[in-house]
Amino acid sequence: MKILLIGGTGTISMAITRRLAATDHEVYLLNRGNRVEDLPEGVHSIVADMEKEEEVKEALKDRTFDAVCEFIGFVVPQVERDYRLFRERTKQYIYISSASAYHKPVRSPYITEGTALANPYWQYSRDKIACEEFLMEKYRTEQFPVTIVRPSHTYDERSVPLGVHGDKGSYSVIQRMLQGKPVIIHGDGTSLWTMTHNSDFAKGYCGLIGNPHAIGEAFQITNDETLTWNQIYQAVAQALGVELKPYYVSSEFLASVSDYDFTGSLLGDKACSVIFKNHKLKEAVPDFKPEVRFEQGIAQTIAYVLSHKECQIEDKMFDAWCDKVITTLEHAKKEIIRDSDS
């Protein structure tokens, strides 16, 4: 097959690029040309800015594809553009949505593709829902060959997946662990979550490419392993060879005292206990079976991050904010105890 990936070098899409490159498929990447040095041999690069529709048209020329895979569409105008560009160029258009689009607060921890979509906490999720609705309307009215894919928390070798971190990523949390400092965990650490290695995600995703059972359908792709956040942070600490010093803070409090988007990322996503059921994907892709347990994958990620300086992005502002939150709450505890004793 002739397959076009829009993006193709991100956390999710790079694993798909690598997996497809190891097959007989003809693989093209359409992006601005970043990370070209990381691309597998045999992958063709089409350099253009997707925000410039006429530039993309010129770069595509008269090419057509068996599948077009969109990884960087976040708002409706972007998928409207894709519809204009590819409705006559592809037999399948695969859109990456998000499992954060599922109903919040959760009505049941068991999540399937039939779970309602609604998220009052996070604009990112509402935009993804709107994109899905536009594309499915085009499928219903014009048979536009769309497939929706909803990933949850997917990680690779370049970044440690955690619940509470700053705008520059999670490395500051890793530094705190290595320095023996307490790290903030939302809630009491017992809510349920799923971490999916990008290599496992790629197996499920690639099985949907060219799959007639995928047209007009939505699929979630996650690991089958369910973890508490305590287990997640403990696995990270174990990979670092340090003692975990958790400091528990309610998600509502974190959202109310921070400029970080914890309302969306926590209340609208990670603070909610979820258990994903992947029966629909496994029926469409019978050989899909996640193989990377979190403690295995995170050990590889930690080793990579610690050996690659470009992954070690410090965030002194977030580190100071963590210290302030912890100090302030400890002071409040002492004040309450002092008042109750007097």
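This text follows the structure it describes.
Residues numbered from 1 in each chain as written. Predicted model: local features only at pLDDT ≥ 70, side-chain atom pairs only at ≥ 80, totals over all residues. Heavy atoms only, no water.

Novice: What am I meant to see in unusual backbone geometry here?
Specialist: Most peptide bonds take the trans configuration, and most residues that are not glycine carry a negative phi. The residue after Lys104, namely Pro105, is reached through a cis peptide bond having omega -5°. In this fold, Pro105 is placed in the loop between β5 (93-96) and β6 (110-111). Notably, Lys61 is not glycine yet its phi reads approximately 55°, a positive angle. Following the sequence through the fold, Lys61 ends up in the loop between α2 (53-60) and β4 (67-70). On the basis of relative accessible area, Lys61 is assigned to the exposed category, the value being 53%. Here the phi dihedral of Gln143 falls at roughly 60°; this positive angle occurs in a residue that is not glycine. Residue position: Gln143 is located in the loop between α4 (123-142) and β7 (146-151). (Helix = DSSP H or I, 4+ residues; strand = E, 2+ residues; numbered from the N terminus. Buried < 20%, exposed > 50% of the residue type's maximum accessible area, 1.4 Å probe, protein only.)

Novice: Hey, could you run me through the side chain of Glu132 in this one?
Specialist: With respect to the helices, strands and loops of the structure, Glu132 is situated in helix α4. Contacts of Glu132, omitting those with residues within four sequence positions, involve Tyr95, Ser97, Leu117, Ile148 and Arg150. (Contact = heavy atoms within 4.5 Å.)

Novice: Would you explain the pairing of strand β1 (residues 2-6) in this entry?
Specialist: The side chains of a regular strand alternate between the sheet's two faces. Burial runs high along β1: four of the five residues are buried. Two strands pair when backbone bridges link them, and β1 and strand β2 (residues 26-31) are joined in this way by five bridges, in the parallel orientation. Paired with Leu5 across the bridge in β2 is Leu29. What joins β1 to β2 is helix α1 (residues 13-21), and the crossover it makes is right-handed. Pairing of β1 with β4 involves four bridges; the strand directions are parallel. Its bridge partner being in β4, Ile6 is matched across the sheet by Glu70. (Pairing = 2+ DSSP bridges. Right-handed = clockwise from strand over helix to strand, strands pointing away.)

Novice: Could you clarify how one ought to interpret the pattern of salt bridges in this entry?
Specialist: Should their charged atoms come close, side chains of opposite charge can pair. Throughout the structure, instances matching the rule amount to 24 salt bridges. For Glu132, the salt bridge is made with Arg150, and the minimal N-O distance between the two is 2.8 Å. Remark: Arg150 occurs in strand β7 and Glu132 occurs in helix α4; sequence separation between them is 18 residues. Here Glu132 and Arg150 have matching classes, each one buried. (Salt bridge = Lys/Arg side-chain N within 4 Å of Asp/Glu carboxyl O.)

Novice: What should I look at first to understand the sheet that holds strand β12 (residues 218-221) in this one?
Specialist: Within a sheet, each strand pairs with its neighbour through backbone hydrogen bonds, oriented either parallel or antiparallel. Strands sit in the order β3-β2-β1-β4-β5-β7-β12 across an open sheet of seven strands; the sheet is parallel. The open sheet is flanked by β3 (44-47) and β12, the only strands paired with a single partner. The mean angle between the axes of side-by-side strands here comes to 20°, regardless of whether they run parallel or antiparallel. Docked against the sheet, α2 engages β1, β2 and β3, running at close to 145° with respect to β3. (Axes fitted to C-alpha atoms, helices over the stretch in contact; angles between N-to-C directions.)

Novice: What is the right way to look at the packing of aromatic side chains in this model?
Specialist: Two aromatic rings are characterised by how far apart their centres lie and by the angle between their planes. If you walk through the whole model with that rule in mind, you get 15 aromatic pairs. Aromatic side chains Tyr83 and Phe134 sit 6.1 Å apart centroid to centroid with 85° between the ring planes, which places their arrangement in the edge-to-face category. With Tyr83 in helix α3 (residues 76-86) and Phe134 in helix α4, this residue pair connects regions lying 51 residues apart in the sequence. Among the aromatic side chains, those forming a connected cluster through ring pairs are Tyr83, Tyr93, Phe134 and Phe144. Across the ring face of Phe65, the terminal group of Lys2 is positioned such that the distance to the ring centre comes to 5.5 Å. Looking at Lys280, its charged tip hangs above the ring of Phe219, at a distance of 5.0 Å from the centre. (Phe/Tyr/Trp six-rings, centres within 6.5 Å; stacked < 30°, edge-to-face > 60°. Lys NZ or Arg CZ within 6 Å of the ring centre and 35° of its normal.)

Novice: Is there a simple way to think about the nonpolar core in this case?
Specialist: General note: in soluble globular proteins, nonpolar side chains tend to be found buried as a group. Grouped together as the largest cluster of nonpolar side chains are 46 residues, with contacts concentrated most on Met177, Ile184, Tyr233, Val236, Phe262, Phe294 and Trp321. Elements supplying a minimum of two residues to this core: α5 (171-178), β9 (183-186), α7 (229-240), β14 (246-249), α8 (251-256), α9 (262-270), α11 (294-307) and α12 (316-341). At seven residues, α7 tops the list of elements feeding residues into this core. The next biggest cluster of nonpolar side chains, apart from the first, holds 30 residues, and it includes Ile12, Met14, Val43 and Cys206. (Core = buried A, V, L, I, M, F, W, Y, C linked by side-chain atoms within 4.5 Å.)

In short, the description is geometric, and any link to function would need to be established separately.
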